[in-house]
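So you can see what is in the structure, the chains are spelled out below.
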Amino acid sequence: MRAADPALSYYRMDFSIEDREALAAAVRRLESPSFTGRLAALAGKPVGIVQRALPAAASVVVARAAKYALEHALDVALFSLRNRRLTGGRKLHSGLACTSGAIGGAFGLVALTIELPVSTTIMLRAIAAIAQEEGEDLADPHTGLACLEVFALGGPPADGKEAETDYFAVRAMLARGLVEVADFGIDKGAVREGAPLLVRFLTQIASRFGVVVSQKLAAQAVAVVGALGGAALNLAFAEHFQDVARGHFTVRRLERVYGCDAVRAEYDRLKSALVA
């Protein structure tokens, strides 16, 4: 039998019971995303059939809408969240997302460019509230960008590469851009004018976020038509990203306490147990 790695044993012993349970919950949220299952239940059809319901031409509209929504969210993340104590819990933000989703449900693809920036901003504020609960400083631009990062963590890669679905792999992919943007000394003019490093960072996030938006839009095409269906889908949409945010900021909180290497080792152990 292979001997246990003493370093890993140390990491496991070093975690409190509460923190190990919190990390286990984070692993479940980050490695077993539930959005596709929620979509299938709401649409009453397998996800593969749901996705085929979306016209091919819609992908261009979705890509543009996702990028525009994230540009607006970036502005909010860097400038509007600073020095604020966010109020309102999950129910409030989910309720607001349902309201904005009713617009998309009633008007479909035509309303996407109007509805998506609204719902994305609502979700960003919910994500920021979770970040704050987990001890993050919203005055730090790195925190605002980490909130935006959730939209990439909550979506699969556009090309479907399995290696790029791992939580730490996605964070590593975004890490350079996150540091560059945070350290750039950004002003609102740079955001509006689309500085190259901002464009590159947002493109990475939009490529993954757009996949989830496409799934939601396709489900609207086959689910209950109208505002009620749109509201239900947006509730699933909002709660999916709030679950991812809770997992993400739990990991970041524990990294500040135990160090990145210890958290990564325990995360991988818990992930292996989850897969098994």
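So, how was this worked out
Residues numbered from 1 in each chain as written. Predicted model: local features only at pLDDT ≥ 70, side-chain atom pairs only at ≥ 80, totals over all residues. Heavy atoms only, no water. Helix = DSSP H or I, 4+ residues; strand = E, 2+ residues; numbered from the N terminus. Buried < 20%, exposed > 50% of the residue type's maximum accessible area, 1.4 Å probe, protein only. Contact = heavy atoms within 4.5 Å. Expected span 1.5 Å × (residues − 1). 1 Å grid on protein atoms, 1.4 Å probe; cavity = no way out; pocket = protein on both sides within 12 Å on 5 of 7 lines; lining within 4 Å. Points joined across faces, edges and corners; volume = space filled by probe spheres on them. Nonpolar A, V, L, I, M, F, W, Y, C, P; charged D, E, K, R; others polar. pLDDT = per-residue confidence, 0-100. Salt bridge = Lys/Arg side-chain N within 4 Å of Asp/Glu carboxyl O. Axes fitted to C-alpha atoms, helices over the stretch in contact; angles between N-to-C directions. Parallel < 35°, antiparallel > 145°, perpendicular 65-115°, else oblique. Left-handed = near helix turned anticlockwise from the far one by under 90°.

(A) Representation of the environment of H248 within the structure. On the secondary structure map, H248 appears in helix 12 (residues 227-258). On the accessibility criterion, H248 (0% relative accessible area) is buried. Residues H248 and I130, spaced 118 residues apart in sequence, show a C-alpha to C-alpha distance of 9.7 Å. Residues contacting H248, with those up to four places away along its chain left out, are L30, A146, E149, V150, L153, Y167 and R171.

(B) Layout of helix 8 (residues 141-153). With 13 residues, helix 8 extends 18 Å between its outermost C-alpha atoms, agreeing within 8% with the 18 Å of an ideal straight helix rising 1.5 Å per residue. Most of helix 8 sits inside the fold, with eleven of its 13 residues counted as buried.

(C) Quick look at the layout of surface pockets. Volume-wise, the second largest pocket comes out at about 200 Å³. Surrounding the second largest pocket, H142, E149, F168, R171, A172, A175, L178, V179 and R252 form its lining. Looking at the lining of the second largest pocket, the elements that each hand over two or more residues are helix 8 and helix 9 (167-182). With six residues, helix 9 is the single largest residue contributor to the lining of the second largest pocket. Classifying every residue of the lining of the second largest pocket by side-chain character gives five nonpolar, one polar and three charged.

(D) Just the confidence of the model for the protein chain, in detail. Confidence in the prediction for the protein chain averages 76 pLDDT; 65% of positions are at 70 or higher. When pLDDT is averaged over each helix and strand of the protein chain, the minimum, 50, is found for helix 6 (residues 90-107) and the maximum, 94, for helix 2 (residues 17-31). Every residue in residues 6-11 is under pLDDT 50, and counting partners more than four places away or in other chains gives five contacts.

(E) The arrangement of the pattern of salt bridges in detail. Counted under the stated rule, the structure contains 13 salt bridges. Measuring nitrogen to oxygen at the nearest pair gives 3.5 Å for the salt bridge that ties D19 to R253. Here D19 is found in helix 2, whereas its partner R253 is found in helix 12, with 234 residues between them in sequence. Residues R252 and E136 are paired through a salt bridge, measuring 2.8 Å at the closest nitrogen-oxygen approach. Taken together, the residues R252 in helix 12 and E136 in the loop between helix 7 (112-133) and helix 8 connect sequence positions 116 residues apart. According to the relative accessible area criterion, R252 is buried, its value standing at 18%. One salt-bridge network, held together by shared partners, links D19, E133, E134, R246 and R253.

(F) Focus on helix 7. Taking 1.5 Å of rise per residue, the 22 residues of helix 7 would be expected to cover 32 Å, and the 31 Å separating its terminal C-alpha atoms lies within 8% of that figure. Of all 22 residues that make up helix 7, 17 are buried, and the element is covered over most of its length. Positive backbone phi, approximately 90°, marks G135, located one or two places after helix 7.

(G) Representation of the packing of helix 5 (residues 58-80) against helix 8 in the model. Viewed as axis vectors pointing N to C, helix 5 and helix 8 meet at an angle of 150°, and their least axial separation amounts to 8 Å. As judged from the angle between their axes, helix 5 and helix 8 are roughly antiparallel. Like other packed secondary-structure pairs, helix 5 and helix 8 cross with a definite hand, here right-handed. Taking contact as the criterion, the partners of L70, A73, L74, A77 and L78 in helix 5 are, on helix 8, P141, G144, L145, L148 and F151. Partitioning the contact of helix 5 with helix 8 into residue classes produces nine nonpolar, one polar and no charged.

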